[in-house]
Amino acid sequence: MLTVFLFSMNAVLPILLLILLGYYGRRKGFFHEQTLVEINRFNFKYGYSSMLFINLYNADLSNGLPLRLIGVVMLILTFLALMAWGIAGVLTDKRDRKGVLIQVTFRSNYAIIGMMLAEALAGSEGTAMVAIFQLPSVLFFNVVSVLALSVYSDSEEKPTVGSILRSMALNPMIHGILAGGLALVIRQVIPTGADGLPVFSISGTLPWLYSALTYLSRMAAPLALIVLGANLILSDARGFMKELIGGTFLRLVGAPVVGFLILYLAQKAGIITLTPGLVAMLIALLGSPVATASAIMAREMKADYSLAGQLVVWTSVLSTASLFILVTVLKLMGWL
């Protein structure tokens, strides 16, 4: 268990160090407010959309999709989102914070630390499960986040169905998802040559484009963490302590408890069979800290960026302990 604990620290500490680097850089005068706004906007538009495209484009669907498992996982995420929708009004009366609290409950840092965490817990079986669930989880995270943040936007314009759909249509992260999903579908029908490889692929036929998108995707998360740290003002937390504590609890305790309870019931009903690989993937999906992209999206969609940023920091810090506890409990139950 010490190995698992050390791995959790090794997975989370790089995130914290990049946040601290941004915080230090701002205090030393390397960043200015307007510069950070523009960097954030650039990264949101090009960095994260490229990351989502590359992740989906590289997904391996050679063995098909476990539709029953995907259905159960989507049920869990939907339940968490609906639960948070009801709880958000209890935790805060400020409109621009409700969407942030809804988002933090279901949106984990799955894309960044999920693969490493699953591999450490279940080897190649864990990484295979993470790859399979990237597409549905990324779609859910971003579509429902845009919906929640649009409904509770701080914009003076009252949200309507049309304005929410427009926000979703104009969101660069949605563009990345759609482009990656389309490329994934097209790849399945492209004929193969004598060597068994597709006659056309972005990575093989247009390697210059694939490399550029890959570089952008690798830049997205580190740059977002540095900007997040530069924007971090620790005294801000005093203004939303209730929301910060509630949101951190929902992400690190509420989500895994509710999620694994539903999984237990699904297994008892014979709907699914829990394997170490699946459990490892679900630990990454349900137990990891809130995604860094949640803070970027909060700022771009006129939600409370300060609260969203503080939630990224504190869920990252405290997840070192919560992940250790979660893994220990699941090992004692014989699920890992």
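What comes next is a walk through the structure. Since we're looking at a predicted model, the values are computed, not measured. (Residues numbered from 1 in each chain as written. Predicted model: local features only at pLDDT ≥ 70, side-chain atom pairs only at ≥ 80, totals over all residues. Heavy atoms only, no water.)

## Notes on the overall build of the chain
Piece 1. The secondary structure content of the chain amounts to 13 helices and 0 strands.
Piece 2. Within the span of the chain, comprising 336 residues, buried residues form 53% of the whole. (Helix = DSSP H or I, 4+ residues; strand = E, 2+ residues; numbered from the N terminus. Buried < 20%, exposed > 50% of the residue type's maximum accessible area, 1.4 Å probe, protein only.)

## Description of unusual backbone geometry
Piece 1. With a phi close to 60°, Lys302 is a non-glycine residue in the positive phi region.
Piece 2. Within the secondary structure layout, Lys302 lies in the loop between helix 12 (293–300) and helix 13 (305–332).
Piece 3. Residue classification places Lys302 among the exposed positions, given a relative accessible area of 51%.

## Brief notes about the nonpolar core
Piece 1. Membership of the largest hydrophobic core comes to 52 residues, with the highest contact counts inside it found for Phe133, Phe260, Met281, Leu282 and Ile283.
Piece 2. Those elements that place two or more of their residues in this core are helix 3 (67–91), helix 4 (95–106), helix 5 (110–151), helix 10 (241–268), helix 11 (276–287) and helix 13.
Piece 3. For this core, the element with the most residues is helix 5, which contributes 13 residues.
Piece 4. Phe133 has contacts with Leu69, Ile70, Val73, Tyr110 and Met281, leaving out every residue within four places of it along the chain. (Core = buried A, V, L, I, M, F, W, Y, C linked by side-chain atoms within 4.5 Å. Contact = heavy atoms within 4.5 Å.)

## Regarding the side chain of Thr105
Piece 1. Position of Thr105 relative to the elements: it lies in helix 4.
Piece 2. A polar contact of 2.9 Å, which involves the side chain of Thr105, links it to the backbone oxygen of Leu101. (Polar contact = N/O pair within 3.5 Å; in protein donor to acceptor, adjacent residues only side chain to side chain.)

## With respect to the pattern of salt bridges
Piece 1. All chains considered together, the criterion is met by 5 salt bridges.
Piece 2. Close ionic contact of Glu33 with Arg26 constitutes a salt bridge, the shortest N to O distance being 3.3 Å.
Piece 3. In this structure Glu33 comes out as partly exposed when scored by relative accessible area, which is 39%.
Piece 4. Notably, a salt bridge pairs Arg97 with Glu243, separated by 2.9 Å at the nearest N-O pair. Here Arg97 is found in helix 4, whereas its partner Glu243 is found in helix 10, with 146 residues between them in sequence.
Piece 5. Residue classification places Arg97 among the buried residues on the basis of a relative accessible area of 9%.
Piece 6. Via salt bridges that share partners, Arg26, Glu33 and Arg299 belong to a single interconnected network. (Salt bridge = Lys/Arg side-chain N within 4 Å of Asp/Glu carboxyl O.)

## Quick look at the packing of helix 4 against helix 10
Piece 1. One can describe the packing of helix 4 onto helix 10 by two numbers: an axis separation of 8 Å at closest approach and a directional angle of 20°. With respect to helix 10, the element helix 4 is oriented roughly parallel. Handedness of the helix 4/helix 10 crossing: right-handed. Contacts from Arg97, Leu101, Val104, Thr105 and Phe106 in helix 4 reach Glu243, Gly247, Leu250, Arg251 and Ala255 in helix 10.
Piece 2. Classifying every residue of the contact of helix 4 with helix 10 by side-chain character gives 5 nonpolar, 2 polar and 3 charged. (Axes fitted to C-alpha atoms, helices over the stretch in contact; angles between N-to-C directions. Parallel < 35°, antiparallel > 145°, perpendicular 65-115°, else oblique. Left-handed = near helix turned anticlockwise from the far one by under 90°. Nonpolar A, V, L, I, M, F, W, Y, C, P; charged D, E, K, R; others polar.)

## Observations concerning a nonpolar patch on the surface
Piece 1. Together, Leu21, Tyr24 and Phe30 give the surface a local cluster of nonpolar side chains, amounting to about 360 Å² of exposed area.
Piece 2. Looking at the element boundaries, Phe30 is found in the loop between helix 1 (2–27) and helix 2 (33–57). (Patch = residues over 30% accessible without salt bridge, like charges linked within 9 Å, V, L, I, M, F, W, Y side chains within 5 Å. Areas by Shrake-Rupley, 256 points an atom, 1.4 Å probe, with all protein chains shown as cover.)

## Some thoughts on the environment of Leu69
Piece 1. Positionally, Leu69 belongs in helix 3.
Piece 2. Residue classification places Leu69 among the buried residues on the basis of a relative accessible area of 17%.
Piece 3. Separated by 64 residues in the primary sequence, Leu69 and Phe133 have C-alpha atoms spaced 9.4 Å apart.
Piece 4. With near-sequence residues (within four places) excluded, Leu69 lies in contact with Met129, Phe133, Ile272 and Leu278.

## Digging into the environment of Asn10
Piece 1. Secondary-structure assignment places Asn10 in helix 1.
Piece 2. Asn10 gets classed as exposed once you look at its relative accessible area, which sits at 54%.
Piece 3. Placed 310 residues apart in sequence, Asn10 and Thr320 show a C-alpha to C-alpha distance of 9.0 Å.

## Some words on the packing of helix 3 against helix 10
Piece 1. Two elements in contact, helix 3 and helix 10, have axes separated by 10 Å at closest approach and are oriented at 150°. The handedness of the crossing between helix 3 and helix 10 is right-handed. Across from Val72, Leu75, Ile76, Phe79, Leu80, Met83, Ile87, Val90 and Leu91 in helix 3, the residues of helix 10 making contact are Lys242, Glu243, Gly246, Gly247, Leu250, Gly254, Ala255, Val258, Gly259, Ile262, Leu263 and Ala266.
Piece 2. Taken together, the residues that form the contact of helix 3 with helix 10 break down as 15 nonpolar, 4 polar and 2 charged.

## Remarks on the packing of aromatic side chains
Piece 1. Summed over the entire model, instances satisfying the criterion amount to 7 aromatic pairs.
Piece 2. Centre to centre, the rings of Phe106 and Phe141 are 6.3 Å apart; their planes meet at 35°, and the pair counts as tilted. Of this pair, Phe106 sits in helix 4 while Phe141 is found in helix 5, placing the two residues 35 residues apart along the sequence.
Piece 3. Look at Phe106 and you get buried, because its relative accessible area is 0%.
Piece 4. The class for Phe141 is buried, based on a relative accessible area of 5%.
Piece 5. A centroid spacing of 6.1 Å and a plane angle of 45° characterise the contact between Phe260 and Trp335, whose relative ring orientation is tilted. (Phe/Tyr/Trp six-rings, centres within 6.5 Å; stacked < 30°, edge-to-face > 60°.)

## Let's talk about helix 4
Piece 1. For helix 4, a buried count of 10 out of 12 residues is recorded, marking the element as mostly surrounded by other parts of the structure.
Piece 2. Along helix 4, the residues that are buried comprise Asp96, Arg97, Gly99, Val100, Leu101, Ile102, Gln103, Val104, Thr105 and Phe106.

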